[in-house]
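Descriptive analysis of the structure
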Amino acid sequence: MRINGKDWLLAEQSLGELLAAQGIDPATRYLAVAINGTVVPRGQWSACRLAPDDDIEIVRPREGG
Amino acid sequence: MPAKTIADPDSLVIAGQSFTSRLFIGTSGYPNQQIMLDSVEASGAELVTVAIRRISLDGAGESLIDVLGGRWRLLPNTAGCATARDAILTAQLAREALGTSWIKLEIIGDRETLHPDSEQLIAATETLVRDGFTVLPYCGDDPVVCRKLAGAGAAAVMPLGSPIGSGMGLCNPYNIELICRRSPVPVILDAGIGTASDAALAMELGCAGVLLNSAVAKALDPRRMAGAMRDAVAAGRAAFLAGRIPKRGYAEPSSPQLGLVGS
């Protein structure tokens, strides 16, 4: 799978587990996740199953113009 | 004679949302976070722009947005996107992250000049409007493109004055004025502002507002420049409403010509 443009070896079963493994608190404000070009609502993170070829984007707002 | 106080009903309305300030300001490129916060405060802006970026996989600590989010209304952008597809996904991620359906739609067609890709912009605007977004596209200063964006459902159009970060001001004031005269939606001058007189000129030409970032962030004294921009936008708006005198190619005396001494 790919996470934020980098190849990644899938070890977790769900998006919630993946975030936890990365030390990302799912309660962190302003986070958003998309899998294969589709946004996954925050309430579905823990139940969202991952597949080996998933392309995951994890973003948050930053300073911008 | 005492000055008469009149309540100022001249607020900017975009997609039903009212703004007292006609200046929108970006949050990038300041010397440090405190100067950024002070500058945004000094600008009087109510709407500030932010970008959407991948997080570091090392963990997501507190970000600037945690500080900004409680004090100002945030307008996420799609800065850096080169295709409608990427911009649409970025807008959808921004909506999820920030809980706003407002998006500054930016699709770059040329990496060197950062000029927008009009074709992708119109297509993405149509898609995002159908998806319930309030779309504010950063676009070229082409009246036809602006008309098509408004037709596609854009809540405002945001033509560039000159290339992003260039500080060249308004390279084609004639086009900006033409866009303002014809546009059915508010026109926000976005990009290219270098100093306060540029912002004032944009407003004098009929722009409904000005969006800027680098002119303040990169100024020698960003806090002071933010205040100057606030005043310039207000002065330019007042001058537009007051109606400037026509330009003449010859002199016209302002003092009476009758009763001259020695005549």
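Above this text you will find the structure in question.
Note that the structure is a prediction, hence the values are computed from the model and not measured. (Residues numbered from 1 in each chain as written. Chains lettered and ligands numbered in written order. Predicted model: local features only at pLDDT ≥ 70, side-chain atom pairs only at ≥ 80, totals over all residues. Heavy atoms only, no water.)

1. Here we look at the overall build of chain A
Across its full length, chain A carries 1 helix and 5 strands. Its helices and strands in sequence order give chain A the pattern β-β-α-β-β-β, from N to C terminus. Computed over its C-alpha atoms, the radius of gyration of chain A comes to 12 Å, within 12% of the 11 Å expected for a compact globule of 65 residues. Across the 65 residues that make up chain A, the buried fraction comes to 46%. Considering chain A, the positive charge centre built from 7 side chains and the negative charge centre built from 9 side chains are found 8 Å apart. (Helix = DSSP H or I, 4+ residues; strand = E, 2+ residues; numbered from the N terminus. Rg over C-alpha atoms; globule rule 2.2 N^0.38 Å. Buried < 20%, exposed > 50% of the residue type's maximum accessible area, 1.4 Å probe, protein only. Lys, Arg positive; Asp, Glu negative; His and termini not counted. Charge placed at Lys NZ, Arg CZ, Asp CG, Glu CD.)

2. Observations concerning helix α5 (residues 143–151) of chain B
All names here are of chain B. Taken residue by residue, α5 has P143, V145, C146, L149 and A150 as its buried positions. The arc that holds the buried residues of α5, viewed along the axis, is 160°, so those residues lie on one side. Exposed side of α5, more than 90 degrees from the buried face: R147 and G151 are the residues found there. Buried-residue contacts for α5 involve α4 (118–130), β7 (134–139), β8 (158–159) and α6 (173–182). Of the residues that open α5, the one with a side-chain oxygen 2.8 Å from the backbone nitrogen of V144 is D142. With its phi angle positive at about 110°, G153 sits one or two positions after the end of α5. (Arc of directions from axis to C-beta. Contact = heavy atoms within 4.5 Å. Polar contact = N/O pair within 3.5 Å; in protein donor to acceptor, adjacent residues only side chain to side chain.)

3. Structural notes on the interface of chain B and chain A
Between chain B and chain A, the residue contacts involve 29 residues of the former and 28 residues of the latter. Counting the surface lost from both chain B and chain A, the interface buries some 2,500 Å², and carbon and sulfur atoms represent 62% of this. Looking at the side of chain B facing chain A, the largest losses of area belong to B:R54, B:I55 and B:L57, adding up to 28% of the total buried there. The interface formed by chain B and chain A includes 2 salt bridges. Put simply, A:E57 and B:R54 hold a salt bridge, and the shortest N to O gap is 2.7 Å. The tally of links from chain B across to chain A stands at 12 residue pairs in polar contact (both at pLDDT 80 or more). Listed by contribution, the elements that provide at least two residues to the side of chain B that touches chain A are β4 (47–54), α2 (64–68) and α3 (84–98) of chain B. Of the residues that constitute the side of chain B that touches chain A, the class distribution is 12 nonpolar, 11 polar and 6 charged. Here strand β5 (residues 55–63) of chain A runs beside β4(B); their pairing, made up of 5 bridges, is antiparallel. Bridging across to β4(B), A:E63 finds its partner in B:V50. (Buried area = accessible area lost by both parts, 1.4 Å probe. Salt bridge = Lys/Arg side-chain N within 4 Å of Asp/Glu carboxyl O. Nonpolar A, V, L, I, M, F, W, Y, C, P; charged D, E, K, R; others polar. Pairing = 2+ DSSP bridges.)

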